[in-house]
Protein chains: 2
Amino acid sequence: MCQSVFRNKPDTNVTFSLINRSSHVPLAKLIDEGELREQLDHVRSLSLTRGESTWLRGNTFYGKRQMFRPDFMAWFENLRLPAYHLERVGDQYELTFEGKWPEVMLWEIPALAILMEMRGRAVLHDMGRFELQVLYARAMTQLWEKVEKLRNTPGLRIADFGTRRRHSFLWQDWCVQAMLERLGPSFVGTSNCLIAKNRDLEAIGTNAHELPMVYAALAQNDAELAQAPYTVLEDWQEEHSGNLRIILPDTYGTEGFLQRAPDWLAGWTGIRIDSGDPATAAEVAIQWWKDRGEDPTRKLVIFSDGLDENKIIELYEQFKGRVRVSFGWGTLLTNDFRGLAPNDSLAPFSLVCKAISANGRPTVKLSDNPKKAMGPAEEIARYKRVFDVGQQDAMDVIV
Amino acid sequence: MCQSVFRNKPDTNVTFSLINRSSHVPLAKLIDEGELREQLDHVRSLSLTRGESTWLRGNTFYGKRQMFRPDFMAWFENLRLPAYHLERVGDQYELTFEGKWPEVMLWEIPALAILMEMRGRAVLHDMGRFELQVLYARAMTQLWEKVEKLRNTPGLRIADFGTRRRHSFLWQDWCVQAMLERLGPSFVGTSNCLIAKNRDLEAIGTNAHELPMVYAALAQNDAELAQAPYTVLEDWQEEHSGNLRIILPDTYGTEGFLQRAPDWLAGWTGIRIDSGDPATAAEVAIQWWKDRGEDPTRKLVIFSDGLDENKIIELYEQFKGRVRVSFGWGTLLTNDFRGLAPNDSLAPFSLVCKAISANGRPTVKLSDNPKKAMGPAEEIARYKRVFDVGQQDAMDVIV
């Protein structure tokens, strides 16, 4: 995704901002500002190691050798993350990043991972050594029991999408290895490149909402805006083929997006369902493929929103044979500490890092779930009009 | 106990033998004979380290400095364990030790611990790395939940008596540390001297059945036999006072033992209940103290047979205030892997190592539970007559 932005919009100025949708988690009370700054400063001191660079240059991703072009790699090897702006406001932190899009976008993962891990450490800080060990023992058992359930559903394909909101790096690494041992070929990879490298796994991923959000914000008028979600995918398909041609249709409403989509998009490999009721959205996609003369059984549907083991099995049973099904399992894979600490103080929560403006214009996300919408009210109204989004069903956002 | 034997019966020849009361556990199928010999040979190569010797010489046990006399320590420092005799018979091993009592008696603990640990390793051998970790995670959680229950019963006093039939050394060490962290002063020590040394805990223990069993076997006639269980305690009290003056009354039946006991024995600090129904035995002891004009509330009752957390709490609630209560928690502390492996193949089982003869005469144990009785049938009959043991209730031996 970074390479696509680097190629197509290298000079776009963006602002990314951390948003804690779970206001009951008082991050600024839990995490010391000085320690947070130390962590963020440390990230700014990092660059690709030689081994990491070698791996990115030499590895085959999605069956493609040298996915990363030499000019991109040369830039990436010299990259240091840009400055951050941190301010405490009440019990929360305001954390924003401004600068060129290909640089700023890389803050999302470390910023979220740092805050999630520091919150966990704050909660664990006063526990006894053996109390801690038992807490992790329980978390391991809890995850293992999920994996055991999944193991009884042959044919599943699941990837780890849990980097951003993981409990901790070591914990994510443990979860990935446990999945690998127990699920075998049903575990198809991880979106964490370092873990993929260390554990000899497939690095896996798709494109995200920031692409259409920034493209949309850059539109000069309503006509350009209406076209923006397709323009971004035109740019995308110039360099990606096969399983990287996955549509993320929900940024401004899945139904309208598909109805107005150009025919070439129906030729893409699949779709990722990331908000709203997943079964409904998958049915919409299947109908759309049929309407466009495509064979849904050859299409890939990737579910990635709020998944847990029972939902995975339910969706798999519902759609297997009708489409190819795959799962990007995130927060409830790498951060399910629900019920394990007093007052559920280790339960995962909904922290995101989003593009909020591009070249001075605010970004907007509508989503298929109005609780995931963001942007200024008047812009949301405009986008709803342009994208012809009607009534939406609100669903609680757990993670 | 070894020092007492070293002082009083140094030249008695004894045979100890391993007895697997759980014939459904086919030790010889699970454990390779060559590997078992390697372990036993290794034990024979060991002697006290300088640090261990320093600790034994310098430590205060039961409030007594220099519990171990210089002549005993000099002998102990030079000791190597005597030869063993190992033979496979069907699916079991016959493992016996012959020689002088103070030397042979020290085989019991390592022989049992080795067999228990090798059996566990055999079962774990083919498990995956993360499957293994989850198995231990579950065992930790299981133990922690027991400890949490005990924690809600203030005033408890519990010691670790789980060395012989532990799952493994590392596991026992973990259990002890978990108890220490969570129970605080309710955890009063361990019978494992190495762990006591390493973790700065009280080393704790009592006397065992082998003392009266060997003394009884050495008796020249029925009159001496009837006296033997008291003779051994006369010898014992020459060097031990306070909380080491604990009667183990059940070797030849608790009731008869107490009825015929000399008055000086009622002056001892307490009693250890190790077979039969523990509450019944404790009531018998309380009544006996009352009959002998002693105040039971100043006496110590140590329960040590087949304990688990619910039994501990039940007995504590029943006897607190009426006597001082303490618990020696053994196998279900350090080896409760019930339900954690396929076919329950890690469940603890009843393996013992007992004196079976002394100076060529067979030993006999009657116990308060006929399922724990041992010895030749005609000798059991003679002992029952001499000790006037009537009807006994059989109780299943779990561990």
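Quick caveat, the model's predicted, so the values are computed rather than measured.

Asker: Explain the relation of the copies chain B and chain A to me, please; I cannot follow it from the model alone.
Answerer: Mapping between the two chain copies consists of a rotation about an axis together with a translation along that axis. For these two chains of identical sequence, chain B goes onto chain A by a turn of 180° and a shift of 0.0 Å along the axis, with RMSD 0.0 Å. One copy is carried onto the other by what is essentially a two-fold rotation axis. Rotation axis and chain B: the residue whose C-alpha lies nearest the axis is A137 of chain B, separated from it by 2.1 Å.

Asker: Just to check I follow, could you spell out the sheet that holds strand 8 (residues 246–247) of chain B for this structure?
Answerer: Sheet strands pair via backbone hydrogen bonds, and the direction of the pair is either parallel or antiparallel. Residues and elements named next belong to chain B. Pairing is parallel in the open sheet, where 6 strands are placed in the order 7-6-11-10-9-8. Looking along the sheet, the strands with just one partner apiece sit at the ends: strand 7 (187–190) and strand 8. Where strand 9 (residues 270–273) meets strand 10 (residues 300–303), 4 bridges bridge the pair, whose relative direction is parallel. Pairing of R272 across the sheet is with I302, part of strand 10. Most of the contacts of helix 9 (residues 169–183) go to strand 7, to which it runs at about 160°, and overall it touches strand 6 (158–160), strand 7 and strand 11 (324–329). In the packing of helix 16 (residues 309–319) onto the sheet, contacts are made with strand 6, strand 10 and strand 11, and the angle to strand 11 comes to roughly 165°.

Asker: Sorry if this is basic, but what is going on with the pattern of salt bridges here?
Answerer: The final tally for this structure, using the stated rule, is 60 salt bridges over all chains. Close ionic contact of R164 of chain A with E108 of chain A constitutes a salt bridge, the shortest N to O distance being 2.8 Å. Within this pair, whereas R164 of chain A is found in the loop between strand 6 (158–160) and helix 9 (169–183), its partner E108 of chain A is found in helix 7 (residues 108–124), the two being separated by 56 residues in sequence. Its relative accessible area of 11% is what places E108 of chain A among the buried residues. Residue R69 of chain B is joined to D71 of chain B by a salt bridge in which the shortest nitrogen-to-oxygen separation is 3.5 Å. Note on D71 of chain B: relative accessible area 43%, which makes it partly exposed. By sharing partners, the salt bridges in this structure join R7, R69, D71, E238 and E239 of chain A into a single network.

Asker: When you look at empty space enclosed by the protein in this model, what are you seeing that I'm missing?
Answerer: Empty space among the atoms becomes visible once a probe the size of a water molecule is rolled across them. Within the structure shown, the criterion is met by 5 cavities of 30 Å³ or more. Within this model, the largest cavity holds a volume of roughly 120 Å³. In this structure, the largest cavity is lined by 16 residues; those nearest its centre are P212, P229, L248, P249 and F257 of chain B. Going through the elements one at a time, helix 11 (210–218) and helix 12 (222–239) of chain B are the ones with two or more residues in the lining of the largest cavity. The element best represented in the lining of the largest cavity is helix 12 of chain B, accounting for 5 residues. Across the lining of the largest cavity, the residue classes tally to 12 nonpolar, 3 polar and 1 charged. A volume near 80 Å³ is recorded for the second largest cavity. The wall of the second largest cavity is formed by N207, L211, P212, P229, V232, L233, L248, P249, T251, Y252 and F257 of chain A. Mapped by element, the contributors of at least two residues to the lining of the second largest cavity are helix 11 (210–218) and helix 12 (222–239) of chain A. Among the elements that make up the lining of the second largest cavity, the one with the highest residue count is helix 12 of chain A (3 residues).

Rules and cut-offs
Residue positions are counted from 1 within each chain, in the order its sequence is given. Here every chain gets a letter starting at A, and every ligand a number starting at 1, in the order they are written. Residues qualify for local features only when their pLDDT is at least 70, as the model is predicted, and side-chain atom pairs are given and counted only at 80 or more; totals for whole chains, interfaces and linings, by contrast, use all residues. By convention in this description, side-chain values take in all heavy atoms of the structure and omit both hydrogens and water. Least squares is used to superpose the copies, and the fit set is the C-alpha atoms of residues whose pLDDT is at least 70 in both copies. When DSSP finds two or more bridges between a pair of strands, those strands are recorded as paired. Secondary structure is summarised from DSSP: a helix means a run of H or I of at least four residues, a strand means a run of E of at least two, and numbering begins at the N terminus for each. Any pair of residues with heavy atoms lying within 4.5 Å of one another is described as a contacting pair. Angles run from 0 to 180 degrees between N-to-C directions of axes, and those axes are lines fitted to C-alpha atoms, restricted for helices to the stretch in contact. Salt bridges, as used here, are contacts in which a Lys or Arg side-chain nitrogen is within 4 Å of a carboxyl oxygen on Asp or Glu. Think of it in three bands: residues with accessible area under 20% of the maximum for their type are buried, residues over 50% are exposed, and the middle band is partly exposed, with areas taken using a 1.4 Å probe on protein chains only. For cavity detection a 1 Å grid was placed over the protein atoms alone, and a set of points counts as a cavity when a 1.4 Å probe fits there but cannot get out; an open set counts as a pocket when protein lies on both sides within 12 Å along at least five of seven lines, with lining residues being those that have an atom within 4 Å of a point. Grid points are joined across faces, edges and corners, and a volume is the space filled by probe spheres set on the points. Gly is placed with the polar residues, together with every amino acid not listed as nonpolar (Ala, Val, Leu, Ile, Met, Phe, Trp, Tyr, Cys and Pro) or charged (Asp, Glu, Lys and Arg).

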